[in-house]
Amino acid sequence: MSVTAEQSETTRARVLEVRDLVVRFAGRGKGRRARAVRAVDGVSFDIEQGEILALVGESGCGKSTIALAVMRLLEPTSGRIISGGENLATLRGGALRQARRRIQMIFQDPFGSLNSRQTVFDTVAEPLVIHKLGATPEERRSMVMDALELAHLRPPERLAQSYPHELSGGQRQRVAIASAMVMRPELVIADEPVSMLDVSARAGILRLMMDLRDQLGTSYLFITHDLAVAWVVADRIAVVYLGRIVEIGPATRLVERPAHPYTAALLSVSSGDDVGPDGELIEALPGETPSASNVPEGCRFHPRCPRYIELGKPEQCRSVDPQLHVIRPRTTTNEDTSALSPHEAACHFSSEES
Ligand SMILES: Nc1ncnc2c1ncn2[C@@H]1O[C@H](COP(=O)(O)OP(=O)(O)OP(=O)(O)O)[C@@H](O)[C@H]1O
Ligand SMILES: [Mg+2]
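No experiment lies behind these values; they were computed from the predicted model shown.

Conventions and cut-offs
Residues numbered from 1 in each chain as written. Chains lettered and ligands numbered in written order. Predicted model: local features only at pLDDT ≥ 70, side-chain atom pairs only at ≥ 80, totals over all residues. Heavy atoms only, no water. Helix = DSSP H or I, 4+ residues; strand = E, 2+ residues; numbered from the N terminus. Buried < 20%, exposed > 50% of the residue type's maximum accessible area, 1.4 Å probe, protein only. Contact = heavy atoms within 4.5 Å. Areas by Shrake-Rupley, 256 points an atom, 1.4 Å probe, with all protein chains shown as cover. Pairing = 2+ DSSP bridges. Axes fitted to C-alpha atoms, helices over the stretch in contact; angles between N-to-C directions. Salt bridge = Lys/Arg side-chain N within 4 Å of Asp/Glu carboxyl O. Near = heavy atom within 4 Å. Polar contact = N/O pair within 3.5 Å; in protein donor to acceptor, adjacent residues only side chain to side chain. Core = buried A, V, L, I, M, F, W, Y, C linked by side-chain atoms within 4.5 Å. Domains from an automatic or database assignment. Phe/Tyr/Trp six-rings, centres within 6.5 Å; stacked < 30°, edge-to-face > 60°. Expected span 1.5 Å × (residues − 1). Parallel < 35°, antiparallel > 145°, perpendicular 65-115°, else oblique. Left-handed = near helix turned anticlockwise from the far one by under 90°. Nonpolar A, V, L, I, M, F, W, Y, C, P; charged D, E, K, R; others polar.

## Quick word on the overall build of the protein chain
A count of helices and strands for the protein chain gives 13 helices and 12 strands. By residue count, 51% of the 354 residues in the protein chain fall in the buried class. The contacts of the protein chain with a sequence gap of at least 6 include a subset with a gap of at least 24, amounting to 65%. Here the protein chain displays about 16,700 Å² of accessible surface, and carbon together with sulfur accounts for 48% of that area.

Shown next, in the form of structure tokens:
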């Protein structure tokens with residue numbers, strides 16, 4: 001699907017609008033020691049039709065919690081999740097089930113997420129059964145075969161009869177993609193879809209997801225701790241730190257000209273050397289690993305911020321919580337539609353471009 005810049009300004013539909021999403025968990029311990037976990041602490045973003053938005057950040061920053069709240073697999077504390085003109089945050093029962101058809105999710109673990117006793121056919125057919133789609137068995141079968149074909153599981157007739165243990169990690173993730181695509185969702189939420197795969201299988205899965213976007217106009221919320229992966233797949237990147245988006249903008253622009261010091265730190269380690277097994281930054285930043293049950297006052301990043309130190313520890317960073325502000329506004333001159341989006345950062349000392 002190719003969309004011109006002009007069209008995108010006027011006709012490109014928004015498939016998801018998240019506003020001021022907050023998710024808190026009850027803390028462990030009793031009385032005053034039980035601090036609430038502020039897993040998601042006021043997050044807003046949009047995804048347009050055919051767009052891939054990556055959420056990037058360290059382990060524990062709230063990426064999966066955002067995904068699960070959007071799917072309503074856990075209850076948001078507050079905020080709005082608008083899709084198809086409805087607020088998913090408040091839907092219940094049949095209306096919620098109906099809305100869920102539009103959004104499908106792919107998880108990190110292709111070994112744990114598939115039922116080992118089900119054939120590939122039954123796994124991919126399951127969402128159709130749940131949502132009562134496909135009027136006849138033949139119709140259902142052809143929908144499953146199409147989905148296997150879309151996920152490049154070939155030949156589909158043979159693959160349909162296999163069990164997860166007969167498949168490689170990459171093939172299993174293709175089965176997960178097929179069972180998402182069989183619903184022809186507007187939006188796919190993919191939570192670290194390649195991080196458990198062999199390096200050799202990763203590129204194929206990323207390419208498949210991008211091809212499906214081109215072919216069907218599917219949008220993605222793509223979650224990864226690896227900024228390099230985000231840059232490869234995404235049109236736009238949102239960098240998450242302790243439950244907040246601290247920077248968001250067109251992927252290439254954000255990687256080439258990071259405006260937030262946290263993004264700059266992530267970039268300096270995205271070669272992989274300083275990243276721990278769970279994606280935490282080991283060496284690049286000073287200070288303790290952040291905890292969502294103890295979010296710092298003022299700018300939540302200031303205790304680890306190189307810029308804060310460089311600038312002589314300004315009072316503002318310790319006392320005022322910075323909001324996202326525009327670094328470069330939406331542009332209209334560029335051909336690349338995603339590059340039209342504004343670039344925003346939540347740092348008191350990231351200045352607007354003149
Ligand atoms: N059910 C829960 N109860 C209490 N705290 C939780 C729960 N789920 C997540 N958390 C906490 O919320 C914060 C965000 O967790 P989340 O799993 O969303 O992070 P993440 O960015 O997906 O991390 P990772 O990269 O490791 O997957 C963490 O501090 C986590 O410990
Ligand atoms: Mg996660």
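Structure's up, so let's keep going.
## Things to note about the sheet that holds strand 7 (residues 187-191)
The mixed open sheet is built from eight strands, whose spatial order is 6-7-8-3-9-10-12-11. Looking at strand neighbours, the two that pair on one side only are strand 6 (103-106) and strand 11 (325-328), the edges of this open sheet. The mean angle between the axes of side-by-side strands here comes to 20°, regardless of whether they run parallel or antiparallel. Sheet strands touched by helix 11 (residues 261-269): strand 3 (52-56), strand 9 (236-241) and strand 10 (244-250). Its angle to strand 9, the strand with the most contacts, is close to 100°.

## A word on the pattern of salt bridges
Across all of its chains, the model carries 18 salt bridges by this definition. Glu75 is the salt-bridge partner of Arg72, the closest N and O atoms lying 3.1 Å from each other. Its salt-bridge partner being Glu149, residue Arg154 comes within 2.7 Å of it at the nearest N-O pair. The class for Glu149 is partly exposed, based on a relative accessible area of 33%. Overlapping salt bridges bring together Arg24, Arg38, Asp41, Arg244, Arg300 and Asp321 as one network.

## Things to note about the environment of Arg257
In this structure, Arg257 sits in the loop between helix 10 (251-256) and helix 11. Taking relative accessible area as the criterion, Arg257 reaches 49% and is therefore assigned partly exposed.

## Looking at the sheet that holds strand 5 (residues 86-87)
Spatial strand order, 2-1-4-5: four strands in an open sheet with antiparallel pairing. If you trace the sheet from one side to the other, it starts and ends with strand 2 (37-48) and strand 5, each paired once. Relative to the sheet, helix 2 (residues 63-70) contacts strand 1 (14-25), strand 2 and strand 4 (78-83), its axis offset from that of strand 1 by approximately 115°.

## Some thoughts on the site of ligand 1
In the vicinity of ligand 1, the contacting residues are Phe25, Val37, Ala39, Glu58, Ser59, Gly60, Cys61, Gly62, Lys63, Ser64, Thr65 and Ala292. The backbone of Gly62 places a nitrogen or oxygen atom 3.1 Å from an oxygen atom of ligand 1. Relative to its free-state accessible area of 640 Å², ligand 1 is covered by the protein chains to the extent of 61%. Counting residues per element, the ones that place at least two in the shell around ligand 1 are strand 2 and helix 2. Tallying contributions element by element places helix 2 first for the shell around ligand 1, with three residues.

## Some words on the nonpolar core
Membership of the largest hydrophobic core comes to 64 residues, with the highest contact counts inside it found for Val124, Leu148, Ile177, Phe222, Ile237 and Tyr262. Two domains each provide a minimum of three residues to this core, namely domain 1 (5-102 + 187-320) and domain 2 (112-184). Every residue in contact with Ile177, bar those within four places of it in the chain, is listed here: Ile106, Ile205, Leu208, Met209 and Leu212.

## Things to note about the packing of aromatic side chains
Taken as a whole and assessed by the stated rule, the structure comprises three aromatic pairs. Their ring planes at 65° and their centres at 5.3 Å tell us that Tyr262 and Phe301 sit as a pair that is edge-to-face. In this pair, Tyr262 sits in helix 11 while Phe301 sits in the loop between helix 11 and helix 12 (306-310), placing the two residues 39 residues apart along the sequence. Looking at Tyr262, the relative accessible area reads 0%, which means it is buried. A connected cluster of aromatic rings, assembled from ring pairs, spans Tyr241, Tyr262 and Phe301.

## Let's talk about helix 8 (residues 199-216)
For helix 8, spanning 18 residues, the distance from its first C-alpha to its last is 26 Å, which sits close to the expected 26 Å at 1.5 Å a residue. All of the buried residues along helix 8 are Ile205, Leu206, Leu208, Met209, Met210, Leu212 and Arg213. Close packing links the buried residues of helix 8 with strand 3, helix 5 (137-150), helix 7 (169-181), strand 7, strand 8 (219-224) and helix 9 (227-233).

## Considerations on the side chain of Arg102
By the element assignment, Arg102 lies in the loop between helix 3 (93-100) and strand 6. Engagement of the side chain of Arg102 in a polar contact is seen with the side chain of Glu86, the distance being 3.5 Å. If we ignore the near neighbours within four places in the chain, the residues touching Arg102 are Ser83, Gly84, Glu86, Leu88, Pro185, Glu186 and Leu187.

## Some remarks on the packing of helix 7 against helix 8
At a minimum axis distance of 10 Å, the contact between helix 7 and helix 8 shows a crossing angle of 20°. The angle between helix 7 and helix 8 falls in the class roughly parallel. For the pair helix 7 and helix 8, the crossing hand works out as right-handed. Residues Gly170, Gln173, Arg174, Ile177 and Met181 of helix 7 form the contact with helix 8, whose own contacting residues are Ala201, Gly204, Ile205, Leu208, Met209, Leu212 and Leu216. Residues that form the contact of helix 7 with helix 8 fall into these classes: eight nonpolar, three polar and one charged.

## A look at the pairing of strand 1
With nine bridges joining them, strand 1 and strand 2 adopt antiparallel strand pairing. Following the sheet pairing, Val23 is matched in strand 2 by Val40. Across four bridges, strand 1 lies against strand 4 in antiparallel orientation. When the sheet's bridge partners are listed, Val22 is paired in strand 4 with Ser78.

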